[in-house]
Structures are given as structure tokens and as C-alpha cells.
Amino acid sequence: VDIITLVLGPLENNTYLLIDPDTKNAAVVDPSFGHQEVLDEVARLGVTIKAIWLTHAHFDHIAGVAGLARDLNTEVEIGLHHDDLELWQNGGGAPALGYNFEVGIQPTRFFEDGQTLWLGNNQLNVLHAPGHTRGHVMFHAAVEKALLCGDVIFAGSIGRTDLPGGDTGTLLNTIRTRVLNLPPDTRLMSGHGPESTVEQEQRTNPFL
Ligand SMILES: [Zn+2]
Ligand SMILES: [Zn+2]
């Protein structure tokens, strides 16, 4: 699967486009503010969005969902873990930060740990990864050795746990058992900031 990174919105979210090179079908992971940029990129590449897959329901990761779903001409799947549905319905956690945010759409599919997602012949594995939020998931492309890890771990940092649903012990356990156990050369593609690898974080991340 080809992975393209777009940096969108005031919180500089990494929005990922996953593309099957054979069918040109695509999935968007965590569309943030400014969904028109996603549509422009999709038109430029000549690919078709079939699904929107969400690592978690914080507003900056789901801000583009309703606009995308509205502006795409085809029916698009919207996937979220059930444990983040409450957060989704509570404005994506925006009220806790003093913002107003209306999601304006509902998920159409609920992820489970261990589930396989298909994009053409490309396979992604859903890993439940609680701690930053209850229903956080990561998407693992084992063949490509890439982990779309949302706000679980960043280059040199880890996800915040002071927002509703956050828990530091749970997050550290998730990182130990679901991230650091992957092959050392696995690319870590986070919700914010630059790419890293499992090995680099194991060696240098001050929070671990
Ligand atoms: Zn978050
Ligand atoms: Zn975030």
C-alpha cells in the first residue's frame, strides 16, 4: 500500500492517504480540518476514496469527516472503535479544551482489536491501543512495516493522558505491548510531527 502524508489544520495533524496501487482505491486516516486539500490530492492522484478510518475521536482527527463524506460522490465507510463513540458524540473532546465542535455525522463501522482491513490486496491490522483515549486504535501494515499510530507515540514524545478517557499507565502498557514489540525498523507514522521508527523511540524517547 502507498502511504501519503498531508499536514492539515491548526494543530498540524498528519492526515494519511492509503492507496492501493492496483485498483487506485484509497482510505483516508484521520482527516483533519481542511478536507478540500484531501479532495484536491485525491483528484490529482486519480484515486477513489472508499473509506475513512479513524485512530480516535479527538476533534482534530475527525474534523474533516463530515465534509469529506458530503463532498464525495460515493458511499464512504466511516470506521471508529466503539469505545470512542462517546467521545465522538461529545464534540470530539473539544469542550474540555474550551472549543465548540459538532461532528455532524455518525460512524458506519466499528473496529475491533485484531480485525483485518483490506484495501485491494493490501492488508492492515487493527490494534486496540487505549491510554490516550479509550477507543484509540492503530493501523499496522505488516508487509510495509508501517504503523499508523495516531496519538499513542510521537517522535520523542508520547500521547497526552490528561484529557477525558486518558490514563498514563494504560498508555505505557499499550506502547510496551503493541508498539515496541514490533520489528525495530517499523516506521511509526504518528498523528502529529515527523516520522520515526520503533528502534529510534526505544533508544531515544525520554518518556519510555
Ligand atoms: Zn488525540
Ligand atoms: Zn491529535
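You'll find the structure just up there.
Here's a quick rundown of the structure. Treat the numbers as computed from the prediction; the structure is a model and nothing was measured.

### Here we look at the pairing of strand E8 (residues 122–128)
Step number 1: In terms of burial, E8 is a largely internal element, 5 of the 7 residues being buried.
Step number 2: When strand E7 (residues 116–119) meets E8, the two strands line up antiparallel, connected through 4 bridges. Each residue of the ladder has a partner; that of leucine 119, found in E8, is asparagine 122.
Step number 3: Between E7 and E8, which pair antiparallel one after the other, the connecting turn spans 2 residues, and glycine 120 there sits at a positive phi close to 60 degrees.
Step number 4: With 4 bridges connecting them, E8 and strand E9 (residues 137–141) associate as antiparallel partners. Considered in E9, the bridge of asparagine 125 is made with histidine 140.

### Topic: the coordination of the zinc ion (ligand 2)
Step number 1: Taken together, His61 (NE2), Asp151 (OD) and His192 (NE2) make up the full set of protein donors to the zinc ion (ligand 2), lying 2.0 to 2.1 Å away.
Step number 2: Between consecutive donor residues of the zinc ion (ligand 2), the sequence gaps follow H-x89-D-x40-H.
Step number 3: The zinc ion (ligand 1) is placed at 3.5 Å from the zinc ion (ligand 2), the two being bridged by aspartate 151. You can see histidine 61 sitting in helix H2 (residues 59–62) and its partner histidine 192 sitting in the loop between strand E13 (187–190) and strand E14 (196–197), a full 131 residues away along the chain.
Step number 4: With relative accessibility at 0%, the residue histidine 61 sits in the buried group.
Step number 5: On the basis of relative accessible area, histidine 192 is assigned to the buried category, the value being 18%.

### Quick word on the nonpolar core
Step number 1: One finds Val38, Ile49, Leu54 and Trp88 to be the most contacted residues of the largest nonpolar core, which totals 30 residues.
Step number 2: Beyond its immediate chain neighbours, meaning those up to four positions away, valine 38 contacts Leu6, Leu8, Thr15, Val28, Ile49 and Leu68.
Step number 3: Grouped together as the second largest cluster of nonpolar side chains are 19 residues, Tyr16, Trp53, Leu117 and Val126 included.

### A look at the side chain of aspartate 30
Step number 1: For aspartate 30, the position within the fold is in the loop between strand E3 (25–29) and helix H1 (35–45).
Step number 2: It turns out aspartate 30 is buried and unbridged, and the closest side chain with the opposite charge, arginine 109, is 14 Å from it.
Step number 3: Polar contacts involving the side chain of aspartate 30 include one to the side chain of threonine 55, which spans 2.6 Å.
Step number 4: Filtering out sequence-adjacent residues up to four positions away, aspartate 30 remains in contact with Asn14, Thr15, Trp53, Leu54, Thr55, His56 and His61.

Criteria and cut-off values
Residues numbered from 1 in each chain as written. Chains lettered and ligands numbered in written order. Predicted model: local features only at pLDDT ≥ 70, side-chain atom pairs only at ≥ 80, totals over all residues. Heavy atoms only, no water. Buried < 20%, exposed > 50% of the residue type's maximum accessible area, 1.4 Å probe, protein only. Helix = DSSP H or I, 4+ residues; strand = E, 2+ residues; numbered from the N terminus. Pairing = 2+ DSSP bridges. Donors = N, O, S within 2.8 Å, 3.2 Å for Na, K, Ca; no water. Core = buried A, V, L, I, M, F, W, Y, C linked by side-chain atoms within 4.5 Å. Contact = heavy atoms within 4.5 Å. Lys, Arg positive; Asp, Glu negative; His and termini not counted. Salt bridge = Lys/Arg side-chain N within 4 Å of Asp/Glu carboxyl O. Polar contact = N/O pair within 3.5 Å; in protein donor to acceptor, adjacent residues only side chain to side chain.

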